[in-house]
Amino acid sequence: MPMQNRVQELRDMLPTEHKGISSYVEHALQSIDQLVEKHRCDNAALAIYGERINGNEERVYFDTISQIKADLLQTLEKTVQDALHTGDKNWSKNYKDGIKG
């Protein structure tokens, strides 16, 4: 499932007063995508001027970007779980500070 769809699905699960959390994650993912696009353009310009692009470094870069995006999504999922279980005394919070309205 594409990340944007998953963020939208999680947004729909959140109570109205907490929907802004998902907007923040969505904006962060968009910023990362813009950073990746700038990186591609910079590398293309370097390649045009004869600079050799190190494939291993690029792989590490894109793997790191993917991991950051996955971690952001996972954090949103845990936050949504905490929000859905507010007031449940048997729920063990993912984040000790919880989620406040």
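Provided above is the structure to which this section pertains.
The structure displayed is predicted, hence computed values, not measured ones.

### Things to note about the packing of helix α2 (residues 19-48) against helix α3 (residues 55-84)
- Close contact between α2 and α3 brings their axes to 10 Å; oriented N to C, the two are set at 175 degrees. Considered as vectors, α2 and α3 are oriented roughly antiparallel to each other. Contacts between α2 and α3 involve I21, S22, V25, A28, L29, I32, D33, L35, V36, H39, R40 and N43 from the first element and E58, Y61, F62, I65, I68, K69, L72, L76 and T79 from the second.

### Description of the pattern of salt bridges
- If you walk through the whole model with that rule in mind, you get five salt bridges.
- A salt bridge links R6 to E77, with the shortest nitrogen-to-oxygen separation between them at 2.9 Å. Placement of R6 in helix α1 (residues 3-13) and of E77 in helix α3 is noted, with a sequence separation of 71 residues between them.
- When its relative accessible area of 19% is taken as the criterion, R6 is described as buried.
- Linked through salt bridges whose partners overlap, the residues forming this network are R6, E9 and E77.

Here is what the cut-offs are and how they apply
Residues numbered from 1 in each chain as written. Predicted model: local features only at pLDDT ≥ 70, side-chain atom pairs only at ≥ 80, totals over all residues. Heavy atoms only, no water. Axes fitted to C-alpha atoms, helices over the stretch in contact; angles between N-to-C directions. Helix = DSSP H or I, 4+ residues; strand = E, 2+ residues; numbered from the N terminus. Parallel < 35°, antiparallel > 145°, perpendicular 65-115°, else oblique. Contact = heavy atoms within 4.5 Å. Salt bridge = Lys/Arg side-chain N within 4 Å of Asp/Glu carboxyl O. Buried < 20%, exposed > 50% of the residue type's maximum accessible area, 1.4 Å probe, protein only.

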